[in-house]
Protein chains: 4
Amino acid sequence: VSDPIWKKGAISLDEAVQTFCAADDVVIDRAFFLADIAASKAHADGLVRIGVLSEGEGQVIGEALGALGQRFTEGTFELDARYEDGQSAIESVLIDELGDVGRKIHTGRSRNDQVLVAVRLWLRDRLDDARAHTLAAAEALLLRARATERVPMPGYTHLQPAMPTSLGAWHAGHAEGLLDSAQALGAARELVNANPLGSGSGFGVNLALDRDGVARDLEMARSVVVAQTAQTSRGKLELFCLQALHLATLDVRRLAWDLSLFQMSELAFVRLPDAYTTGSSLMPNKRNPDVVELLRALPAVVEGALAETQAILNLPSSYHRDLQGTKAPLVRAFSRALQGIMLVPRLVEACGWNEERMAAAITPDMHATDRALELVKEGVPFRDAYVRAAKEIPALGARTPAQSLQARVSLGGAANLGLDRLEARLRALR
Amino acid sequence: VSDPIWKKGAISLDEAVQTFCAADDVVIDRAFFLADIAASKAHADGLVRIGVLSEGEGQVIGEALGALGQRFTEGTFELDARYEDGQSAIESVLIDELGDVGRKIHTGRSRNDQVLVAVRLWLRDRLDDARAHTLAAAEALLLRARATERVPMPGYTHLQPAMPTSLGAWHAGHAEGLLDSAQALGAARELVNANPLGSGSGFGVNLALDRDGVARDLEMARSVVVAQTAQTSRGKLELFCLQALHLATLDVRRLAWDLSLFQMSELAFVRLPDAYTTGSSLMPNKRNPDVVELLRALPAVVEGALAETQAILNLPSSYHRDLQGTKAPLVRAFSRALQGIMLVPRLVEACGWNEERMAAAITPDMHATDRALELVKEGVPFRDAYVRAAKEIPALGARTPAQSLQARVSLGGAANLGLDRLEARLRALR
Amino acid sequence: VSDPIWKKGAISLDEAVQTFCAADDVVIDRAFFLADIAASKAHADGLVRIGVLSEGEGQVIGEALGALGQRFTEGTFELDARYEDGQSAIESVLIDELGDVGRKIHTGRSRNDQVLVAVRLWLRDRLDDARAHTLAAAEALLLRARATERVPMPGYTHLQPAMPTSLGAWHAGHAEGLLDSAQALGAARELVNANPLGSGSGFGVNLALDRDGVARDLEMARSVVVAQTAQTSRGKLELFCLQALHLATLDVRRLAWDLSLFQMSELAFVRLPDAYTTGSSLMPNKRNPDVVELLRALPAVVEGALAETQAILNLPSSYHRDLQGTKAPLVRAFSRALQGIMLVPRLVEACGWNEERMAAAITPDMHATDRALELVKEGVPFRDAYVRAAKEIPALGARTPAQSLQARVSLGGAANLGLDRLEARLRALR
Amino acid sequence: VSDPIWKKGAISLDEAVQTFCAADDVVIDRAFFLADIAASKAHADGLVRIGVLSEGEGQVIGEALGALGQRFTEGTFELDARYEDGQSAIESVLIDELGDVGRKIHTGRSRNDQVLVAVRLWLRDRLDDARAHTLAAAEALLLRARATERVPMPGYTHLQPAMPTSLGAWHAGHAEGLLDSAQALGAARELVNANPLGSGSGFGVNLALDRDGVARDLEMARSVVVAQTAQTSRGKLELFCLQALHLATLDVRRLAWDLSLFQMSELAFVRLPDAYTTGSSLMPNKRNPDVVELLRALPAVVEGALAETQAILNLPSSYHRDLQGTKAPLVRAFSRALQGIMLVPRLVEACGWNEERMAAAITPDMHATDRALELVKEGVPFRDAYVRAAKEIPALGARTPAQSLQARVSLGGAANLGLDRLEARLRALR
C-alpha cells in the first residue's frame, strides 16, 4: 500500500483524529468501487486518446483495472482500512502492480472527480433498480387488479365507512401511485446521467481532456459542462434522487398501512402469508405482521438520509471535506429502500383476501352517496338530494355492492378502472 | 352564507374546537381560489356535456364563477372566516346567487376533489414561475459569464487557495447548476399536470363524468386514472415539487454564500450595491449584506415545508383530515422561494467586481497543479510530477493568471467554458 | 415614524428587495412586542442605575412604554409595515413622543439584543403555557384513569389482539407520557430563563451595564455571561424548546391515533362527541373525527419548525441576517401546538366509551400469556410454559377479563396502576 | 443456537424476507448487549426476590450472564446473524448452557422490555459520555480564555468587521455555549434514567415483579410506572436525547466554522496543527483543514437520526415492528458525535494564533461604536451620537484595541469575562 499522495513528511496523524476522519469511509466506498474502476478505465482511455498515455500504457492499466474489479467481485481483494478511501486504493494498487505506469493514472483528475463520477454511475444503476422494482410492484398490482375487478370492498375515508369500492380499484390505485414514482425516478436518472469527470478540483486542468468521449464510453447522455458545477452538484443531485426514491417508499408505506389495518382481527379482510409474519417472545397467541410494519417504516431511512444530506450543504461553492458525509446516507437509503420495494410483488401475490368479510362490511348507509346522485339524475339539485338521501338510509339495505360498483362508470371508478391505460403507461415507463 | 352542507342539526361546535379546526385554512385557500374557480367552471362544463346540467345552467354557473373570480381579483370579494374553506365558499356563493342551480355545482365531486385539482393547477403555475425565474437567473449569469470570461479570480477549495480560475467560470458554474434545477422543476410539472377531478371521495361516482374532457379544458396532459390514486397522491406530489424547488434554492444559497465570502473586507473581491445592504442599529460603521444572507437562508423555508409535509403522510390510503396540513407549508415555501429567486438576476447584474483584488489574491503556489501537469506532458508520471511541482513553487511567481487560464482547455475549463452549449440548453428548457 | 437609525443617505431601497427583506417580519414581531416592551423597560431602569439616564428620564420612558403596551393590547396601536420591525418600532415611538429622551433608549443595546431577550421572555411564557396545558391533559387523563380502573379493554400490539388491559391503564399510560413531556418543557425553560441583554452586538459595550440587575427585574434566574454566547445561542435554544414541545405533541398524536382507531365502526370502542366531528360534502352518511385527525397532525408543524430552524444555523459565530428566519417557525409551532394541546382535557372528558364492545373484543387467546405465567408459578420453565399455553388456548374461554386484570399486580399493571405516584409527580411538576 | 421462541411449526421464512426483517439488527444490538446483560441480571435477581427463581437458579444465571459479558468484551463471543437479535441471543445462550434454568430467564418480560431497558441504560452512559466530553471541551476553552483574555481580535457580524473583541472572549463564548448543552444533556439523562423493565408487552404481567427493586439495582432514579408508557416512550425519549446531543454538535460546528474562516490565508488568524490537516491528491500546494470541516458536518448525522426517528413514530400506542428502526440512527448519531466532540479539547489547545494578524485586522472604523457610547456618557442622545461617531471614523485611527477592550466592563464584555462564574457553572454541571 503506497502512502497517500499528499503525505509530504513525517507528520504523524494522531489516531483519534484519523479514526474520526476515516469514519467508515473506505467501507462505504465499497459500494462505489466497481463504478470507480469503470470510470478509471474510461479516464485512462481518454488519456490515451489525447496522448498522455501510450496505447500500451492504456492497455495495461485497463487490464489491471479489470483484474482488480474481478478480484473485488470475487472477494479476493478487500477494500479496507489499509487504504484511505476507495479512490486512493485504485491508484495504490496500480502503482504497486505497474510502477511508473500506475503513477500516471491520476493525471488530470482529483479524488473528488472520481467520487463524483462513481457516485453518478452508482446512482444511475440504483435508480434503474428502483424503477425496475417499482414497476414490478405496479405490474403485480395491476395483475391482481384484473383478477379482483368485481370483488366488492368497503371504501373508507377518515377510517370511517364511506362507499363501496372494489378490491380491483384498491390494487389499481396503488399501482398508479407507483407509476408516478417510477416516472420521478426516471427524471432523477436523466439529471444524474451526465459526466462530471474532468473537472479537476472544480477549475478544470491544463490538458485537452476528451470529456465528451469519456461520457460516451460511460454511456452518459452529456457532459456536465462547467468544472465548478461538477463539484457543486455534490449533494444536490443526491437529494433529488433520494426524493424520487422517497416517493416510491411512500407508495409502499400506504400499501403496508392498508394491509396492517385490513388484517386487524376486527376487519379480517386479508390474511398475510405466514412467511410474512412472526410471533411474540412473551405472548403465545400472537402472529405479528412484521414485514408489513417494516415496509411501513421504509420511508424513514430515506427521510433520515434527506435530512442528513441537507444539513451538510450550507456551504460556499467548491469542495469542502464536509461533503464526504453525503455518501453514507445515500448508500444506506438506497440499499434499505430497494430491499423493501423488491418484496412488494410477492407480498401482493401472496395476500389472501376474505371476500365474505369485505362484503359483510358494506353497510346500507354506504349507499347514500349513490342514492343522492341518482336523485340528481332525476333532476333534484345535489344539495337537496344529499339531505334526502341521508333520510333514506334505512331503505338502502336492499342494495347490493355489485349494483353500486356497476354504476361507477367514470374513468377510474370501479366499473371503469382504466387498466389498459395503466398497463400502457407501465410499458412506456420501462 | 349558506350552512356547511354536512351540518345536519343543532350541534353547536365549540369555539376553541372551531378555531383549531379552521386554523387559517380559509386564508390559505386564497392562494388556490382562482384555480378552484377555473376547475369549477371546467367541472360544470363537463356536467353539461353529460346532461346533468342544462346548457343554460352551465352558462349561468360559468358566468357567476367568472364574476366571482373577477371580484376576488379586484378585492371586492374577500375569502374569509365567513366560509369554512375556499371550496365551500364557491358553492355558497353560487347558491346565494343562483338558488337551485347553484345547488347543482357540487354534483359528483367532493371538496377533496376540488382541493386536489386546485392545488395541481396552482402548483403547475408556481412551477412555471419557479422555472422562469430560475432560467432568468441562469441567463443573467451566462451573460455575465460572457463578459468576464477572461477575468482571473482565485479558485478555492476548503476555503484555501487552490488554482486560478476566472470570474466567467464562476458565473457559468452557477448558471449550469440552475439549469439542472430548471430541468427538475420541469419534471415535477409533468407529474403534476394530470387531472384528478372526478375521483369523488376516492371511489368514483355513479355518473359518467367526462374526466378526460375536463382534463383537456384545464390543459392538463392526462387524467389521473384511478379515483383512489387521485386522493393518495396528496402530499406525495407536493414533496416532489418542493424538492425540485429546493434544488433551485440550493443554487441560490451557494451563490449567496460565495458573495457573502467574497465581500468580506479581507477579500473585497466584490462590492454589493447599496440597495442590497443595510446598516446596524448599534454600530455606526457597518454595511451588512442582508439580502445575500436572506438568500442564503432561502432553502430553510423549503426544508421546513418538506419536513412538515413528510410528518403528515404516515397514514393509510384515502382522505384523513390530517392532510389539510399539506397546504400551508406548500404555499409558504413557494411564495418565499419565488420572492428570493426572482432577485437573483438583478443582484448578479449589480455586483461590482474588483479585478485588481482578485488578481492580487492569486499567489504563486496556486500554479503548482499547472506545473505538475506540464511535467506530465513531458513524460513524468503524475505522482512524481506532483512531488516535483511542490518543490518548484518558489519558482512559479513569474507565471500570470492569464497564462494559466489560457491553458485550461478541457470542456468547462476557463479557456473552454462551453457557453454556447449552456445557452442552447437554457433555450431548450424554456 | 422615524427613519431606520442606520439609513444614512439617499439610497432608495428597491421595492422587491424590501419586500423580500421585510418578509412578514414586523407581523411576526407582534408575538414578541409585549416582551420587547417589558425588556426595554428593564433596560431603561438599568440605564438609570448606572447614570446614563436620569431618574426622570427613566420614569417618562417607563410610562411611555407602559402606555405603548396598553395601546398595543387594546388594539389602538398597530405594529405594521410602517415600522421595519418591532424593535425599531419601540425606539421610533419613543422618539416621536419623547424627542431627545427617546433617542436615548437604544443606548448600549443592539436590535439583536432586543430580539434575544424578547424571544427568551416569550419562550418562557409559552413553555409555561405548554407545560400547564400538558399537565392539565395529564390531570384529566388521571381523573378518568381513577374512574375507569376496572373497565376491561383489549390490549393490542402490532394492531393485533394481545392481552386484556383496562381503560384505566390506557388513560394512565397517556398521562404518564405527558408528565415526561412536562418535565422536558421544564428543562427547556431552565435553559431559556437567562438574560442575554447587554451583549451589544456580541462583543459587549463600553458601559457598566447592570446586567444582573436587569436579569432580576425580568425574573430571570441568571445572566448569559459572555456577550458572544448571547448571540450564538440564537436558534440553538429555539431547537431545544421546540423539541420539548415536540414531545408533548407526540403524546397527543398517540392519543389521537388510538381514538381514531377505537372509533372505527368495526371496533366502536369509543364515540367521539358530535362537537368533535364533522360531515362530508359529498357523502350524506359520514361523521368524521376531524378534531382527532388534526390533533394527530400536530407534530407536523413542530417538525417543520425544527427543520426550518436547523437549516439556518450552519454559520460562523455571531449575527447574520439569516437568523431572522428563526422567529417565524418558532411562533408558528408554539401557536399551533398550544391550540391543540389545550383541547385534550375536554376531549378526554367527552369521550363516550362502550364497555360492552370492549369486553366482547377480548377473545380467549388473549389469556394465553396469563396462563403461561401461571404455569411458571407452578414451576414450569417459561419457555415450556409458553408452548403449553399456546396449546391450551381453546380452554381459556371460561376466563373473564376481570380475573386477568386482578392478577396484573406488578407496579403499572392493571391491578396496580400507581395512580398515587403519578398524581404526586404531577403535583411536583406544577 | 435455539430456535426463536415463537417459531411454532415448519414455516420456512423466505430468504429475502428474512434479510429485510433482520436488516443489521443483530449487529446494531452489539451496542446494547452489555446493557442487556446487566438488565437481565437485575431481572433475574428480581425474579429470585419474588420466588420465581430459586437463589441457586439466580446465582447460576447471574454467573452465566457475567461470563457471557466477559466473552463478549474479550471478543470470544460474537453477536452475529446466528441469533435473531441480541435479546434472543441472551436467552439462547442461557438455554444452551443451563438447560431448564435458562428457559426461565424470559419469565415475565418481553423482548421489547429488554430493548427498552437496554436502550435506556446505554443512552444513560452515552449521555454521560457526551456530557463529559462537552464539559472537557468547555474546560479546555476556559483555560485558553484565561490565557488569551487580553489578546485583541477583530469581532465580526455578517462576516463584516464590527468591533474589537478579544481572543479570550471568543474562547469563553464557545465555552459557555457548551455549558448550556451539557445542561441539556443532563436534563435528557434525568428523563432517561427510569426503569421500564416489567412492562411485559405494555400491559404488565400477572406476577408481583419487584420493579422498584430492579430500578434500584440498575441505579435508576425511578420506575416508569405504567406498562403502556414504558412502550410508548420508545422513540420519544430517543428524540429528546438526540436533540440534547444535537445542541453540543451545534456548538462544535460554530467553533469549527470560525476556525475554518480564521485559517483562510486572507485572514490567517489561526494556524491549525498539521495533524489536523491533509493534502490534495491533485494540487501539490494544498493543506486542507479536513478535521475542522468534518467537525462542522457533525450535526448532520444527528439531524439525520432525528428525522429518521421522527418518521417512524406516527403510530397508535404500543409496540409495532416499525419501532425497530429507532435503534440504528440512535447508535449512529451518538457514536459519530462522540468521536467528534472528544477531539475538541486537543484541537483547541493546538491552535496557533497569530496575534499580529488579528491586531492588524482591527481597523479604525471598528471603534465607532465605542465612540458613540462615549458621546452618550457626555450626554448626547444615542441616536445623535451614532450619527456623529460615523462622521468621526477617520479620527479614530489613534485608538488601540487594548483601550477598547479595557472599557468593555459590562459582565461578559472583554474586560469582565466572568470566567469565575463560568468555571463555577462547569463544576456544578459535573
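Residues numbered from 1 in each chain as written. Chains lettered and ligands numbered in written order. Predicted model: local features only at pLDDT ≥ 70, side-chain atom pairs only at ≥ 80, totals over all residues. Heavy atoms only, no water.

**Points about the interface of chain D and chain C**
Put simply, the rule is: Residues are treated as being in contact if the distance between any of their heavy atoms lies within 4.5 Å. Accessible surface is computed with a 1.4 Å probe, and the buried area is the amount of it that two parts give up when combined, taken over both parts together. Think of a salt bridge as a Lys or Arg side-chain nitrogen and an Asp or Glu carboxyl oxygen that are within 4 Å of each other.
Facing 109 residues of chain D, the contacting portion of chain C comprises 109 residues. Both faces combined, the contact of chain D with chain C buries some 9,400 Å², and carbon together with sulfur accounts for 57% of it. Ranking the residues of chain D by area buried against chain C places Asn206(D), Arg254(D) and Arg383(D) at the top, with a combined share of 10%. Joining chain D to chain C, the criterion identifies eight salt bridges. Between Asp180(C) and Arg222(D) there is a salt bridge whose closest N-O contact spans 3.6 Å.

**Some words on the relation of the copies chain D and chain C**
As a reminder, the rule being used: Copies are brought into register by a least-squares superposition over C-alpha atoms of residues with pLDDT of at least 70 in both.
With an RMSD of 0.0 Å, the operation that places chain D on chain C is a rotation of 180° combined with a shift of 0.0 Å along the axis. Here the symmetry operator amounts to a two-fold rotation axis. Nearest to the rotation axis, the C-alpha of Ala187(D) is located 3.1 Å from it, this being the minimum over chain D.

**Thoughts on the packing of helix H5 (residues 111-147) of chain C against helix H6 (residues 167-192) of chain C**
Residues and elements named next belong to chain C. The cut-off we apply is this: All axes here are fitted lines through C-alpha atoms, helices being fitted over the stretch that makes contact, and every angle between N-to-C directions spans 0 to 180 degrees. A run of H or I in DSSP becomes a helix once it reaches four residues, and a run of E becomes a strand once it reaches two; helices and strands are each numbered from the N terminus. Note that the term roughly parallel is reserved for angles under 35 degrees, roughly antiparallel for angles over 145, roughly perpendicular for angles of 65 to 115, and oblique for everything else. In this scheme the crossing of two helices becomes right-handed for a clockwise turn of the near helix relative to the far one and left-handed for an anticlockwise turn of less than a right angle.
Interaxial distance between H5 and H6 falls to 8 Å at its minimum, and their mutual angle equals 165°. With respect to each other, H5 and H6 are oriented roughly antiparallel. Both H5 and H6 take part in a crossing whose hand is left-handed.

**Quick word on the interface of chain A and chain B**
Listed as interface residues are 109 residues of chain A and, on the opposing side, 109 residues of chain B. Between chain A and chain B lies a buried interface of about 9,400 Å² when both sides are counted; carbon and sulfur atoms form 57% of it. Interface area lost by chain A to chain B is led by Asn206(A), Arg254(A) and Arg383(A), which between them contribute 10%. Where chain A packs against chain B, one counts eight salt bridges. Salt-bridge contacts for Asp384(A) lead to Arg103(B); the nearest nitrogen and oxygen are separated by 3.7 Å.

**As for the relation of the copies chain A and chain B**
Of the transformation placing chain A onto chain B, the axial shift is 0.0 Å and the rotation is 180°, giving an RMSD of 0.0 Å. Residue by residue, 100% of the interface of chain A is reproduced at the interface of chain B, so both copies engage with the same surface.

**Comments concerning the pattern of salt bridges**
The final tally for this structure, using the stated rule, is 134 salt bridges over all chains. Through salt bridges with shared partners, a single ionic network connects Arg371(B), Glu374(B), Glu378(B), Glu392(B) and Arg399(B).

**As for the packing of aromatic side chains**
Put simply, the rule reads: Aromatic contacts are taken between Phe, Tyr and Trp rings whose centres are within 6.5 Å, Trp giving its six-membered ring; a plane angle under 30 degrees counts as stacked, one over 60 as edge-to-face, and the others as tilted. Burial here depends on accessible area, computed with a 1.4 Å probe over protein chains only, as a share of the maximum for the residue type. Under 20% is buried, over 50% is exposed, and the range in between is partly exposed. Should the NZ of a Lys or the CZ of an Arg lie within 6 Å of a ring centre and within 35 degrees of the ring normal, that charge is described as sitting over the ring.
Counted by the stated rule, this structure contains 44 aromatic pairs over all chains. Here Trp170(C) and Trp353(C) contribute two aromatic rings whose centre-to-centre distance is 5.1 Å and whose plane-to-plane angle is 65°, an arrangement assigned as edge-to-face. Of the two residues, Trp170(C) sits in helix H6 while Trp353(C) sits in strand S6 (residues 352-353), which places them 183 residues apart along the sequence. Residue Trp170(C) shares its accessibility class with Trp353(C), and that shared class is buried. Its guanidinium or amino end placed over the ring of Trp257(B), Arg296(B) lies 4.3 Å from that ring's centre, counting from NZ or CZ.

**Considering helix H1 (residues 15-22) of chain B**
Rule in force here: The directions considered for the arc are those from the helix axis to the C-beta atoms.
Residues of H1(B) that are buried: Val17(B), Phe20(B) and Cys21(B). Viewed along the axis of H1(B), the buried residues span an arc of 95°, placing them on a single side of the element. Summarising the contacts, the buried residues of H1(B) are in contact with helix H10 (290-296), helix H11 (298-312) and helix H12 (327-341) of chain C.

**Details of empty space enclosed by the protein**
The test is simple: Of the two site types, the cavity is a set of points on a 1 Å grid over the protein atoms alone where a 1.4 Å probe fits but cannot get out, and the pocket is an open set with protein on both sides within 12 Å along at least five of seven lines, each lined by residues with an atom within 4 Å of a point. Grid points are joined across faces, edges and corners, and a volume is the space filled by probe spheres set on the points. Put simply, Ala, Val, Leu, Ile, Met, Phe, Trp, Tyr, Cys and Pro go in the nonpolar bin, Asp, Glu, Lys and Arg in the charged bin, and everything else, Gly too, in the polar bin.
Taken as a whole, the largest cavity spans an internal volume of roughly 350 Å³. In terms of lining, the largest cavity is formed by 26 residues, of which the most central are Asp85(B), Arg111(B), Asn112(B), Tyr319(B) and Arg321(B). If you list the elements that add at least two residues to the lining of the largest cavity, you get H1 and helix H5 (111-147) of chain B. Counting residues per element, the lining of the largest cavity draws most heavily on H5(B), which supplies three residues. Class assignment for the residues of the lining of the largest cavity results in six nonpolar, twelve polar and eight charged. In this structure, the second largest cavity encloses a volume near 300 Å³. Forming the walls of the second largest cavity are 24 residues, and the residues nearest its centre are Ala307(A), Gln310(A), Ala307(C), Gln310(C) and Ala307(D). Broken down by secondary-structure element, the contributors of at least two residues to the lining of the second largest cavity are helix H11 (298-312) of chain A, helix H11 (298-312) of chain B, H11 of chain C together with helix H11 (298-312) of chain D. Here the lining of the second largest cavity is composed, by residue class, of twelve nonpolar, six polar and six charged.

**Concerning the confidence of the model for chain A**
What counts, and what does not: Predictor confidence is given residue by residue as pLDDT, running from a minimum of 0 to a maximum of 100.
Looking at chain A as a whole, its pLDDT mean stands at 94, while 97% of the residues score no less than 70. With a pTM of 0.96, the predicted complex shows an ipTM of 0.95.

**Details of the side chain of Glu57(D)**
Basically, it comes down to this: Definition of a polar contact: a pair of N or O atoms within 3.5 Å, with one able to donate and the other able to accept a hydrogen when the atoms are protein atoms, and with sequence-neighbouring residues admitted only if both atoms are side-chain atoms.
Along the polypeptide, Glu57(D) turns up in helix H3 (residues 55-74). A polar contact of 2.7 Å, which involves the side chain of Glu57(D), links it to the side chain of Lys104(D).

**Some points on the environment of Arg271(B)**
All names here are of chain B. Inspection of the secondary structure puts arginine 271 in strand S5 (residues 270-271). Once the C-alpha coordinates of arginine 271 and asparagine 354 are considered, the two residues, 83 residues apart in sequence, prove to be 7.7 Å apart. Residues in contact with arginine 271, not counting those within four places in the same chain, are Ala350, Cys351 and Gly352. One polar contact links arginine 271 to aspartate 274, side chain to side chain, over a distance of 2.9 Å.

**Topic: the environment of Leu338(B)**
Residue and element names in this part refer to chain B. As for its position among the elements, leucine 338 is in helix H12 (residues 327-341). Judged by relative accessible area, leucine 338 falls into the buried class, the value being 8%. Separated by 82 residues in sequence, leucine 338 and alanine 256 have C-alpha atoms that sit 15 Å apart. Setting aside anything within four residues of it in sequence, one finds leucine 338 in contact with Arg126, Asp129, Ala130 and His133.

**Digging into the pairing of strand S1 (residues 152-157) of chain C**
All names here are of chain C. Under the convention used in this document: Pairing between strands is defined by DSSP: at least two bridges between them are needed.
Within S1, six of the six residues are buried, leaving the element largely enclosed by the surrounding structure. Burial along S1 is two-sided: the residues Pro152, Pro154 and Tyr156 and Met153, Gly155 and Thr157 are all buried. Summarising the sheet, S1 and strand S2 (residues 160-166) pair through six bridges and their orientation is antiparallel. Across the sheet, the residue bridging to proline 152 is serine 166, located in S2. A loop of two residues connects S1 with S2, the two strands running antiparallel in sequence, and histidine 158 in this loop sits at a positive phi of about 55°.

**As for the nonpolar core**
Applicable threshold: Residues enter a nonpolar core if they are buried and are Ala, Val, Leu, Ile, Met, Phe, Trp, Tyr or Cys, with the set joined through side-chain atoms within 4.5 Å.
Core analysis: the largest hydrophobic core is formed by 435 residues, its most contacted members being Trp353(A), Trp353(B), Leu259(C), Trp353(C) and Trp353(D). Not counting the four nearest positions on each side in its chain, Trp353(C) is found in contact with Met153(C), Leu167(C), Trp170(C), His171(C), Leu259(C), Phe262(C), Phe269(C), Val270(C) and Met358(C).

**Considerations on the packing of helix H9 (residues 236-262) of chain C against H11(C)**
Packed helices, taken two at a time, are described by the angle their axes make and the gap between the axes. Residues and elements named next belong to chain C. Look at H9 against H11: their axes get within 8 Å of each other, and the N-to-C directions meet at 160°. Between H9 and H11, the angle is such that the two are roughly antiparallel. Viewed along their axes, H9 and H11 form a crossing whose handedness is left-handed. Residues Leu239, Leu242, Gln243, Leu245, His246, Thr249, Leu250, Val252 and Arg253 of H9 form the contact with H11, whose participating residues are Leu298, Pro299, Val302, Glu303, Ala305, Leu306, Thr309 and Gln310. Here the residues of the contact of H9 with H11 are counted per class, giving ten nonpolar, five polar and two charged.

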